[in-house]
Number of protein chains: 2
Amino acid sequence: MQPDLLLNAIAKHISLTQDEQQQLIAVLAFKKVKKKQFLYQEGDISKQAIFVSKGCLRSYSIDKNGFEHILQFAPAGWWISDMRSIITQQPGTLYIDAVDESEIILIQKTDLEKLYTAVPKLERFFRILAENSLATYQHRLIDNLSLSALERYNNFCVRYPSLIENLPQKQVAAYIGVTPEFLSKMLNKIPAKK
Amino acid sequence: MQPDLLLNAIAKHISLTQDEQQQLIAVLAFKKVKKKQFLYQEGDISKQAIFVSKGCLRSYSIDKNGFEHILQFAPAGWWISDMRSIITQQPGTLYIDAVDESEIILIQKTDLEKLYTAVPKLERFFRILAENSLATYQHRLIDNLSLSALERYNNFCVRYPSLIENLPQKQVAAYIGVTPEFLSKMLNKIPAKK
DNA sequence: AATAAAACTTAATCAAGATTAAGTTTTATC
DNA sequence: GATAAAACTTAATCTTGATTAAGTTTTATT
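Conventions and cut-offs
- Within each chain, residues carry numbers counting from 1 in the order of the written sequence.
- Chains and ligands are labelled by the order in which they are written, letters from A for the one and numbers from 1 for the other.
- Where local features are concerned, this predicted model is filtered to residues with pLDDT of at least 70; where side-chain atom pairs are given and counted, the filter is 80 or more; whole-chain, interface and lining totals use all residues.
- Processing note: side-chain calculations cover all non-hydrogen atoms of the structure and skip hydrogens and water entirely.
- Should any heavy atoms of two residues lie within 4.5 Å, those residues are counted as being in contact.
- Put simply, buried area is how much 1.4 Å-probe accessible surface two parts lose in total, over both of them, once they are put together.
- Any Lys or Arg side-chain nitrogen found within 4 Å of a carboxyl oxygen on Asp or Glu counts as a salt bridge.
- The definition of a polar contact used here is a pair of N or O atoms within 3.5 Å, where within protein one atom must be able to donate a hydrogen and the other to accept one, and adjacent residues in sequence count solely through side-chain atom pairs.
- Secondary structure counts use DSSP, requiring at least four H or I residues in a row for a helix and at least two E residues in a row for a strand, with both numbered from the N terminus.
- For this purpose, a residue is taken to be near a molecule or strand whenever a single non-hydrogen atom of the residue falls within 4 Å of it.
- The residue classification treats Ala, Val, Leu, Ile, Met, Phe, Trp, Tyr, Cys and Pro as nonpolar and Asp, Glu, Lys and Arg as charged. All others, Gly included, are polar.
- Think of it in three bands: with a 1.4 Å probe and only protein chains considered, a residue is buried below 20% of the maximum accessible area for its type, exposed above 50%, and partly exposed in between.
- A least-squares fit on C-alpha atoms brings the copies together, and the residues used are those whose pLDDT is at least 70 in both copies.

On the chain A side, the residues contacting the 37 residues of chain B number 37 residues. Summed over both partners, the interface of chain B with chain A buries about 3700 Å², with 65% contributed by carbon and sulfur atoms. On inspection of chain B and its partner chain A, the count reaches six salt bridges. The shortest N-O distance in the salt bridge between Arg 127 of chain A and Glu 123 of chain B comes to 2.6 Å. On the surface where chain B and chain A come into contact, there are 14 residue pairs in polar contact (both at pLDDT 80 or more). Taken together, the elements giving at least two residues each to the side of chain B that touches chain A come down to strand E5 (68-75), helix H3 (83-88), helix H4 (109-118), helix H5 (120-146) and helix H8 (169-176) of chain B. It is H5 of chain B that provides the largest number of residues to the side of chain B that touches chain A, a total of 19 residues.

With that settled, the discussion passes to the protein's contact with DNA strand C. Around DNA strand C lies a shell of 16 residues, among which Gln 169, Lys 170 and Ser 184 of chain A together with Ala 149 and Thr 179 of chain B are the nearest. In this structure, Lys 170 of chain A approaches DNA strand C through a main-chain N or O atom, which is 3.0 Å from a phosphate oxygen. At a separation of 3.0 Å, a phosphate oxygen of DNA strand C approaches a polar backbone atom of Ala 149 of chain B. Looking at which element gives the most residues to the surface near DNA strand C, the answer is helix H9 (residues 180-187) of chain B, with three residues. Taken together, the residues of the surface near DNA strand C break down into four nonpolar, six polar and six charged.

Residues and elements named next belong to chain A. Along the chain, Glu 103 turns up in strand E8 (residues 102-108). You can call Glu 103 buried: its relative accessible area is 13%. Not counting chain neighbours up to four residues away, the residues in contact with Glu 103 comprise Met 1, Lys 31, Lys 32, Phe 51, Val 52, Ser 53 and Lys 54.

So, on to the relation of the copies chain B and chain A. If you rotate chain B by 180° and push it 0.0 Å along the axis, it lands on chain A with an RMSD of 0.0 Å. In the structure described here, the two chain copies are related by an operation that fits a two-fold rotation axis. In terms of proximity to the rotation axis, the leading residue of chain B is Arg 127 of chain B, whose C-alpha is 2.1 Å off the axis. Most of the interface of chain B is mirrored in chain A: 100% of its interface residues are interface residues there too.

Read these as spatial facts, not as claims about activity.
As structure tokens, this is what we get:
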């Protein structure tokens, strides 16, 4: 239960003094979550940013027919939240739960806002984080608009090789946007061509 | 050719002193663009952020079959760029052109980076801008994974009523992710039910 | 080890939306 | 105002991927 991974992730973009690091550490909360344990459910108002230090979380929505659509997997070193709910402080539409036994670090929105003023470098870090994340979602959207199911699957394998090995196939299906049945059929056709 | 709209957009989130405003204005470049004029094409390295003060721009990709997929429309008051290219300074994959006769304000990436340090409030503004934008793309992605073509069309009408009136149908089709033929068919079926 | 619960597979049928190919209407351009 | 170009429509046919419904294998739980 240490903040090393988080501090390293931050250090990749900005460098904090000892004192600044302490100010950050002072507001962190550490938590263990069991596999399948929920952190948020639809309707909850998100009050905190979540950093995954071990294991893997995911965020997803459930549509009117009861089907899950996965927005994000967050393995160790990644951030995850219901961004819209955290910004607007309105009830969210996403579920967040643990794919594996995990350890997470929480920062309250209110603490984060104080930190932005006390340590402007942290505001820079979160600007960079949001911009990178934005670029990633933009390209995933383009991919969803322009690629076939098999191409999206292949992209997933290339981009997240470590996830592919650990995730049940049905979760990959819910991420790339096909039914588990279709993904199974597609993979067992010995894909000769993309 | 004045920065009023841009200053107002910023003032919605942070308040700048006269001096800070001047520092910002000093690095702005104003430009008129004709309808259909390109600002970026695939392969260009993006060096600047674009703010639309009049008219409307769009960003899109062209897939291997030559079909356009529209990532964003940017009417007056909105920002637009090839985010990934601006961040990585690698050749981009998007095209940006003018949907209508437009006026834009440009800020060089290098100037913006200096401004973040000189005027930390601007870094805050762009953090907020990126976070809001991120939340919007996350929800568009969920919509694309979970809604039918007609539901996505109806969402578009509700969210962008002013765009619907001015855009050719085929551009709306390229945004929601259907062929122009299918959108036409869908709309002429007198949609009784969604 | 036994049992239940997930996860995966297979196959038949179905539907949303793509493709192809005209033809028609609207909008720009000279 | 004529003409070309772009946008829109319609319809037939085709394809990707969804749905339904078993059955099988793997993984958890007691």
